[in-house]
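Descriptive structure summary
Now for the letters of each chain:
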Amino acid sequence: MEHILSNPSGRSGHSWRTIAVVVAGIATLELLGLVAVGVALVAKPVMHRARKEAAATTSASKKPAKVAARPLMPRGSISVTILNGNGVAGAAATEASRVRARGYLIGEVGNAPRGGYGRSVVMYRAGRRGEALRLGRDLRIRLVTPLDGLRPRNLLGAQLAVVVGG
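It should be emphasised that the depicted structure is a prediction, and the values quoted were computed from it without experimental measurement.

So, how was this worked out
- Residues numbered from 1 in each chain as written.
- Predicted model: local features only at pLDDT ≥ 70, side-chain atom pairs only at ≥ 80, totals over all residues.
- Heavy atoms only, no water.
- Helix = DSSP H or I, 4+ residues; strand = E, 2+ residues; numbered from the N terminus.
- Contact = heavy atoms within 4.5 Å.
- Areas by Shrake-Rupley, 256 points an atom, 1.4 Å probe, with all protein chains shown as cover.
- Core = buried A, V, L, I, M, F, W, Y, C linked by side-chain atoms within 4.5 Å.
- Buried < 20%, exposed > 50% of the residue type's maximum accessible area, 1.4 Å probe, protein only.
- Salt bridge = Lys/Arg side-chain N within 4 Å of Asp/Glu carboxyl O.
- Pairing = 2+ DSSP bridges.
- Axes fitted to C-alpha atoms, helices over the stretch in contact; angles between N-to-C directions.
- pLDDT = per-residue confidence, 0-100.

1. Section: the overall build of the protein chain
From N to C terminus, the protein chain includes 4 helices and 5 strands. For the protein chain, restricting intrachain contacts to residue pairs at least 6 apart in sequence, the fraction spanning at least 24 positions comes to 75%. Per element, the accessible surface of the protein chain, about 12,000 Å² overall, is 61% carbon and sulfur.

2. Comments concerning the nonpolar core
Ranked by size, the top nonpolar core spans 18 residues in total, and within it V80, I82, L135, L160 and V162 carry the most contacts. Broken down by secondary-structure element, the contributors of at least two residues to this core are strand 1 (79–84), helix 3 (91–101), strand 3 (121–124), helix 4 (129–139) and strand 5 (160–164). Per-element accounting of this core gives the leading share, 4 residues, to helix 3. Residues contacting I82, with those up to four places away along its chain left out, are A92, E95, A96, V99, I106, E108, V109, G110, V162 and V164. Listed in part, the 9 residues of the second largest apolar core include V121, M123, L150 and A158.

3. Remarks on the pattern of salt bridges
Throughout the structure, instances matching the rule amount to 3 salt bridges. One salt bridge connects E131 with R128, and the closest N-O pair in it is separated by 3.8 Å.

4. Section: the pairing of strand 5
With 5 of its 5 residues buried, strand 5 lies for the most part within the structure. Residues L160, V162 and V164 point to one face of strand 5 and A161 and V163 to the other, with burial holding for every one of them. Bridging between strand 1 and strand 5 involves 5 bridges; their strand directions are parallel. Of the residues in strand 5, the one forming a bridge with T81 is A161.

5. Digging into the sheet that holds strand 2 (residues 105–111)
With mixed pairing, 5 strands are arranged side by side in an open sheet as 2-1-5-3-4. Of all the strands in the sheet, just strand 2 and strand 4 (144–146) have a single pairing partner and so form its edges. For this sheet the average axis-to-axis angle between neighbouring strands, irrespective of direction, equals 25°. As judged from the 3 bridges shared by strand 3 and strand 4, these two strands associate in the parallel manner. Along strand 4, the bridge assignment pairs Y124 with P146. Packed on one face of the sheet, helix 3 meets strand 1, strand 2 and strand 5 and runs near 155° to strand 1.

6. Describing the confidence of the model for the protein chain
Residues with a pLDDT of 70 or more make up 83% of the protein chain, whose mean pLDDT is 81. Of all secondary-structure elements in the protein chain, the lowest mean pLDDT belongs to helix 1 (residues 2–5), at 51, while helix 4 reaches the highest, 89.

Now the structure itself:
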């Protein structure tokens, strides 16, 4: 019974082969973990970029449908409301004479519902952007926007409005 319980070499513990197998197994698991993290960190951005490039090439290859441009109305048939937004007396009347000199119809001349416009603005109803850009170019007003702060009823039936600013 004594020879079964005692180790012939006199050392206790596991043999070097068992330790080597355990260390190799741990190293293999560690390597698999590092590969998984690398795929997650590298492959995800690469796939994202590839999808963006694929979407860009498919959208670039599609030709946009040509929409027939609506011809601009003649200046003489466009009604323009002139509103004074800076509080200076006579500013709207002066601007109205400039607009009339360019060939536009003058709808109404009055005060803007609110003041404090820093710059003069050309505003337009829906579908009248082209005419508004032309009026802005004629009057050298760079700011052309849809109705912003004005309601369509403030135009009093006109298609465009010029709000005179400071």
